[in-house]
Amino acid sequence: MTVKIEVEPFEPDQAAAEDLTALYELSMAAVRLDRPDLVVPGYDDWVAGLRQPAAGFGPRGSWVARCDGELVAKAVVYFLPGENEHLALTEITVAPQRRRAGVGTAVLRALLPELEARGRKVVEGWELSKGGVGEQWALAVGLRISKSTISQTLAVRDTDPTLWDVPAPEGFRVAEWAGSAPDELVTSYAHALFAMHDAPAGDSEYRIGEWTAERIRDAEARHREQNVVQRVVVAVSEATGEVAALTQLDLYTAYPEWAVQQDTAVIPAYRGKGLGRWVKAHMLRALLAERPSTEKIYTNVNADNEHMIRVNEQIGFTTSRSTVGVSAEIAELRRLLG
Ligand SMILES: CC(C)(COP(=O)(O)OP(=O)(O)OC[C@H]1O[C@@H](n2cnc3c(N)ncnc32)[C@H](O)[C@@H]1OP(=O)(O)O)[C@@H](O)C(=O)NCCC(=O)NCCS
């Protein structure tokens, strides 16, 4: 089925008020249908969120699709940086009343040349509900499932805070910062981030970063530009002075009640000592002391990462959703979609 739509770029900072209102209505109708577990934000909070892109994912592009002037779909693409410059992380949302009429497929078809023009080779979509409409659509248009993941949430008020009273494993001290790693730890911190290469990743084309101190400084600068504070807690070996474990949490001004758990890693020589649980528990205590408005902490973990899932459960996370990642070569999709 080929539906006639016009796809055009959308700039959240410059959009006309009527377009923003239409996009809000479309987005909230989709949330109510697709994610009834989520709280629907008010208009002002939603606009603030729209204007604060996810940090660490590279430049963001936004598009809307119209059919006879009516806004019928939106698309958001992150042009991932560094090792992932081949990837376009894409999310397409069609207004509920316009579904099953070829709109989602037409939006994807229209985007593909734009993604290729920006040097991208592969489209991926992440965190689609397992078995949901997004997954079914993706498989129908020619993407494949490339990873199985789970979303976990920690509801602060429902969690017993004694779960975070985790004693320090012997021989380690904690160090922590917000926004900028101390000079004496930044190289060791970059080295410890290589432990993320051991995390199960399925068949996703996403490549884990080859971190250096310089790249850490670049990433910190990107977070600052986007007004996102990244808090980091590390375990430092008293014997060697090196970073043995780390955990990162992102705080967005647009979401004062939320925090987003990012990477947690323990370098191989130090695994099995409870360091992952310790740094994460310390992070929670420090965060809530400093930002008591935090109500929920969100994370997404590969479904095969049993150690990380167990650590998360030990400190109060519960699994809220099973999710998948989908992937396809752009050239192949162009061939399939014409
Ligand atoms: C996924 C989504 C974008 C699909 O948009 P759409 O315009 O309804 O999709 P299309 O009409 O182009 O569907 C093309 C084919 O996908 C499959 N498909 C789409 N929705 C489906 C569903 N609910 N159940 C089963 N198959 C489905 C069908 O094979 C369909 O062809 P058909 O209608 O001729 O049977 C839309 O449901 C949506 O916005 N979902 C919420 C956001 C989301 O999950 N996005 C994921 C993409 S990144």
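For clarity, every value in this text was computed on a predicted model and none was experimentally measured. Chains are numbered independently. Their residues run from 1 in the order of the written sequence. Reporting of local features is limited, given that this is a predicted model, to residues whose pLDDT is at least 70; pairs of side-chain atoms are given and counted only at 80 or more, and all residues count toward the totals for whole chains, interfaces and linings. Side-chain calculation: all heavy atoms of the structure are included, whereas hydrogens and water are not.

Asks: What's the story with the overall build of the protein chain in this structure? I'm lost.
Replies: Broken down by element type, the protein chain carries nine helices and 12 strands. Radius of gyration means the value over C-alpha atoms here, while the globule rule gives 2.2 Å times the residue count to the 0.38 power. Taking 338 residues into account, the globule formula puts the C-alpha radius of gyration at 20 Å, and the protein chain, at 21 Å, falls close to it. Taking the principal axes of its C-alpha atoms as reference, the protein chain extends roughly 65 × 40 × 35 Å. Only protein chains enter the accessibility calculation, which uses a 1.4 Å probe; a residue whose area is less than 20% of its type maximum is buried, one above 50% is exposed, and one in between is partly exposed. Per-residue burial over the protein chain gives 48% buried out of 338 residues. In what follows, a contact means two residues having at least one pair of non-hydrogen atoms within 4.5 Å. Counting only contacts in the protein chain whose residues sit at least 6 apart along the sequence, the fraction spanning at least 24 positions is 73%. Note on areas: these come from Shrake-Rupley sampling with a 1.4 Å probe, and a residue is covered only by the protein chains present in the view. Roughly 16400 Å² of accessible area belongs to the protein chain as shown, and the carbon and sulfur atoms make up 51% of that amount. The sign given to each residue is positive for Lys and Arg and negative for Asp and Glu; His and the chain ends receive no count. Lys charges are placed at NZ, Arg charges at CZ, Asp charges at CG and Glu charges at CD. Taking the average place of the 36 positive charges on the side chains of the protein chain and the average place of its 48 negative ones, the gap between the two points comes to 3 Å. Per the convention used, a helix needs a DSSP run of H or I reaching at least four residues, while a strand needs a run of E reaching at least two, with both numbered from the N terminus.

Asks: Would you explain the domain arrangement of the protein chain in this entry?
Replies: Reports of interface size often rely on the accessible area that becomes lost once the parts have come together. How far each domain reaches was decided by an automatic or database domain assignment. With domains assigned, the protein chain is organised as domain 1 (6-120) and domain 2 (154-322). When each unit is reduced to the centre of its C-alpha atoms, the spacing between domain 1 and domain 2 is 29 Å. Counting residues at the interface gives 14 residues for domain 1 and 16 residues for domain 2. Each of two parts loses accessible area, computed with a 1.4 Å probe, when they are put together; buried area is these two losses added. Between domain 1 and domain 2, a total of about 1400 Å² is buried, with carbon and sulfur atoms accounting for 47% of that surface. Three residues stand out in domain 1 for area buried against domain 2, namely Gln52, Ala55 and Glu83, and they jointly supply 45% of the buried area on that side. Each salt bridge in this description consists of a side-chain nitrogen of Lys or Arg and a carboxyl oxygen of Asp or Glu lying within 4 Å of one another. Counting the contacts that link domain 1 with domain 2 gives one salt bridge. Residues adjacent in sequence count toward polar contacts only when both atoms are side-chain atoms; beyond that, a polar contact is any pair of N or O atoms within 3.5 Å, and within protein one must be able to donate a hydrogen and the other to accept it. Counting every contact that joins domain 1 to domain 2 gives 11 residue pairs in polar contact (both at pLDDT 80 or more). Ten residues, namely Ala, Val, Leu, Ile, Met, Phe, Trp, Tyr, Cys and Pro, are considered nonpolar, four, namely Asp, Glu, Lys and Arg, are considered charged, and the remaining ones, Gly among them, are considered polar. In terms of residue class, the side of domain 1 that touches domain 2 is made up of six nonpolar, six polar and two charged.

Asks: I'm lost on the site of the ligand in this one. Help?
Replies: One heavy atom within 4 Å of a molecule or strand is enough for the residue carrying it to be called near that molecule or strand. Taken together, 18 residues form the shell around the ligand, and within it Val94, Arg100, Gly102, Gly104 and Thr105 come nearest. Separating an oxygen atom of the ligand from a backbone N or O atom of arginine 100 is a distance of 2.8 Å. Within the complex, the protein chains bury 78% of what would otherwise be the 920 Å² of accessible surface of the ligand. Taken together, the elements giving at least two residues each to the shell around the ligand come down to strand 4 (87-94), helix 3 (103-117) and helix 4 (133-141). Here the residues of the shell around the ligand sort into seven nonpolar, seven polar and four charged.

Asks: Even after reading the chapter, I still don't get the sheet that holds strand 12 (residues 318-329), so can you show me in this structure?
Replies: In a beta sheet, neighbouring strands are held together by backbone hydrogen bonds and run either parallel or antiparallel to one another. A strand pair is defined by DSSP finding two or more bridges across the two strands. A sheet is described by the order of its strands in space; here 12 strands give the open sequence 1-2-3-4-5-12-6-11-10-9-8-7, paired in mixed fashion. Whereas interior strands pair on both sides, the edge strands pair on one side only; in this sheet they are strand 1 (6-9) and strand 7 (172-178). When strand polarity is set aside, the average angle formed by the axes of neighbouring strands in this sheet is 25°. Relative to strand 12, strand 6 (residues 144-155) runs antiparallel, the two being bridged by nine bridges. Within strand 12, the position partnered with isoleucine 145 by the bridge is valine 326. Fitted lines through C-alpha atoms serve as axes, helices being fitted only where they are in contact, and the angles separating the N-to-C directions of these axes extend from 0 to 180 degrees.

Asks: When you look at unusual backbone geometry in this model, what are you seeing that I'm missing?
Replies: Glycine aside, the phi torsion of most residues is negative, and most peptide linkages are trans. In this model, arginine 100 sits at a positive phi of 60°, which is unusual for a non-glycine residue. In this fold, arginine 100 is placed in the loop between strand 4 and helix 3. A positive phi angle, close to 60°, is found at asparagine 227, a residue other than glycine. Looking at the secondary structure, you find asparagine 227 in the loop between helix 6 (213-225) and strand 8 (228-237).

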